[in-house]
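The residues making up each chain are set out below.
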Amino acid sequence: MSLKTLGQFIIEKQADFPYAKGELSRLLRDIGIAAKVVNRAVNKAGLADMLGENGSANIQGEVQQKLDVFADEQFIEALSRGGECCYIASEEHEDGIDLSTLVTSKYGQYIVCVDPLDGSSNIDLNVSVGTIFSIYRRKKESGVIESQEVLQYGREQVAAGYVIYGSSTMLVYTTGKGVNGFTLDPSIGEFCLSHPDMRIPKQGKTYSVNEGNYRKFPQYIKDYIKYCQEEDASTSRPYTSRYIGSMVADIHRTLIIGGVFLYPESSAYPQGKLRLLYECNPMAFIIEQAGGRAISNTCRVLDIRPTHLHQRVPIVIGSADMVGKVEKYLEKVDILTATES
Ligand code: AHM
Ligand code: MG
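Not measured: the values here are computed from a predicted model.

1. A word on the domain arrangement of the chain
Moving on, step 1. Here the chain is partitioned into domain 1 (6-195) and domain 2 (206-340).
Moving on, step 2. Taking only C-alpha atoms, the centre of domain 1 and the centre of domain 2 are 24 Å apart.
Moving on, step 3. Listed per partner, the contact involves 49 residues of domain 1 and 31 residues of domain 2.
Moving on, step 4. On the domain 1 side of the interface with domain 2, the three residues burying the most area are I132, L151 and Y162, jointly 20% of the side's total.
Moving on, step 5. For the pair domain 1 and domain 2, the interface holds two salt bridges.
Moving on, step 6. For R155, the salt bridge identified is with D303, shortest N-O distance 2.9 Å.

Structural data, given as structure tokens:
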């Protein structure tokens with residue numbers, strides 16, 4: 001069987017990019033290289049003193065794992081060396097990293113938002129974790145990076161993707177022309193095209209939410225969960241519940257077999273838990289490109305105006321019809337509130 005590597009695929013598709021000078025291709029290639037280094041560390045973590053906490057916390061007050069820190073270093077190093085990226089927003093850093101002062105990155109045209117290792121709580125348990133990335137083109141040609149260049153709408157992303165370090169390692173990405181998935185072939189050390197033109201089914205049979213938070217959810221989410229659990233053969237209910245607690249793994253499953261993933265607002269997380277810039281926006285771009293939907297209350301995720309780097313938003317994402325159903329439950333709340341006031 002003839003293999004097509006990620007590098008070959010990117011070159012083949014370069015003409016599709018709006019600014020086809022090869023920078024975005026090189027940026028994606030650099031991300032692929034960092035992902036391979038992280039993959040190596042994730043695979044042998046138990047043997048290389050790479051498990052456990054790092055003894056530090058990130059800006060959100062979350063305990064950093066050793067692999068969180070390692071992955072962050074790898075992506076920053078790869079993006080700094082490549083010269084195409086002028087600014088990095090990472091989950092692990094309070095402020096963005098301005099590379100435009102480096103001689104090599106002075107003319108870099110791209111801003112990258114990254115969650116270097118998502119699902120950290122699963123690292124020590126040998127459960128899938130991932131990397132999520134989002135790429136924007138900067139608005140000015142050079143000079144100091146301004147906040148409106150970093151805080152662009154999700155709909156302005158030029159590329160987004162994730163890497164899942166699972167039973168096999170995959171890189172899935174979009175540049176706005178569909179979604180393609182590549183599996184790492186460890187024997188040749190290359191990501192090879194395995195899932196061309198990925199499409200999410202319009203309707204699935206799985207709902208994915210941390211039900212331990214049930215009592216803290218708003219009523220419309222509780223109602224939707226009850227709907228998922230009701231018996232109704234004509235709509236294949238009850239649906240199956242699947243929740244890994246690693247967004248990348250939960251979204252990857254949702255993309256492949258369909259379903260809906262919810263991380264809603266709750267009394268514990270009034271704004272939701274997941275971060276707009278490096279978790280929700282890239283996943284929303286990928287899922288929409290595959291034919292699905294992603295909303296945050298009544299707003300399309302990609303239309304949310306970002307206000308700060310680590311902004312959290314509620315999210316409902318997945319098969320178009322299932323997201324539409326959650327929306328119907330939300331509309332009922334809106335109607336009730338309108339008639340009550
Ligand atoms: P992290 O970026 O600190 O790893 O947190 C994000 C993760 C997501 O991968 C996952 O969907 C979510 O947190 C799980 O949260 P919870 O344990 O509250 O269900
Ligand atoms: Mg994360």
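Let us keep going from here.
2. Details of the pairing of strand β14 (residues 293-296)
Moving on, step 1. Pairing analysis gives three bridges linking β14 to strand β16 (residues 315-318), with the strands arranged antiparallel. Residue A294 lies in a different strand from β16, and its bridge partner there is I317.
Moving on, step 2. With two bridges connecting them, β14 and strand β15 (residues 299-300) associate as antiparallel partners. Considered in β15, the bridge of I295 is made with R300.
Moving on, step 3. Taking the residues between adjacent antiparallel strands as the criterion, β14 and β15 are bridged by two residues, where N297 takes a positive phi near 55°.

3. Observations regarding the coordination of the magnesium ion (ligand 2)
Moving on, step 1. Here the magnesium ion (ligand 2) is held by the protein donor atoms E91 (OE), D115 (OD), D118 (OD) and E279 (OE), which lie 1.8 to 2.8 Å from it.
Moving on, step 2. Written as a sequence motif, the donor residues of the magnesium ion (ligand 2) are E-x23-D-x2-D-x160-E.
Moving on, step 3. We classify D115 as buried; its relative accessible area is 0%.

4. A closer look at the nonpolar core
Moving on, step 1. The biggest cluster of nonpolar side chains holds 43 residues, and the ones touching the most others in it are L255, M283 and I315.
Moving on, step 2. A per-element tally of this core places helix α7 (residues 276-289) first, with nine residues.
Moving on, step 3. Looking at this core, you find at least three residues from each of domain 1 (6-195) and domain 2 (206-340).
Moving on, step 4. Every residue in contact with L255, bar those within four places of it in the chain, is listed here: Y162, V172, M198, R199, I200, P201, I286, I287 and A290.
Moving on, step 5. One finds F9, F75, I135 and Y165 within the second-largest nonpolar core, a separate group that totals 39 residues.

5. Section: the sheet that holds β15
Moving on, step 1. Strand order across the open sheet formed by six strands is β12-β11-β13-β16-β14-β15, with mixed pairing between neighbours. Of all the strands in the sheet, just β12 (240-241) and β15 have a single pairing partner and so form its edges.
Moving on, step 2. Relative to β12, strand β11 (residues 206-208) is paired through two bridges, and the arrangement is parallel. For Y207, the partnering residue across the bridge sits in β12 and is S241.
Moving on, step 3. Across the sheet, helix α6 (residues 247-257) touches β11, β13 (260-263) and β16, and the angle it forms with β13 is around 150°.
Moving on, step 4. Sitting on the sheet, α7 touches β14, β15 and β16, and the angle it makes with β16 is about 30°.

6. Some remarks on the sheet that holds strand β8 (residues 169-174)
Moving on, step 1. Sheet architecture is open: eight strands sit in the order β4-β3-β5-β6-β7-β8-β9-β10, paired in mixed fashion. The open sheet has two free edges, formed respectively by β4 (97-98) and β10 (190-195), since each of these has just one partner strand.
Moving on, step 2. Bridging between strand β9 (residues 179-185) and β10 involves five bridges; their strand directions are antiparallel. Residue pairing across strands places D185 opposite E190, the latter belonging to β10.
Moving on, step 3. Sitting on the sheet, helix α3 (residues 66-82) touches β3 (85-90), β4, β5 (110-118), β6 (129-137) and β7 (159-165), and the angle it makes with β5 is about 160°.

The rules behind these values
Residues numbered from 1 in each chain as written. Chains lettered and ligands numbered in written order. Predicted model: local features only at pLDDT ≥ 70, side-chain atom pairs only at ≥ 80, totals over all residues. Heavy atoms only, no water. Domains from an automatic or database assignment. Contact = heavy atoms within 4.5 Å. Buried area = accessible area lost by both parts, 1.4 Å probe. Salt bridge = Lys/Arg side-chain N within 4 Å of Asp/Glu carboxyl O. Pairing = 2+ DSSP bridges. Helix = DSSP H or I, 4+ residues; strand = E, 2+ residues; numbered from the N terminus. Donors = N, O, S within 2.8 Å, 3.2 Å for Na, K, Ca; no water. Buried < 20%, exposed > 50% of the residue type's maximum accessible area, 1.4 Å probe, protein only. Core = buried A, V, L, I, M, F, W, Y, C linked by side-chain atoms within 4.5 Å. Axes fitted to C-alpha atoms, helices over the stretch in contact; angles between N-to-C directions.

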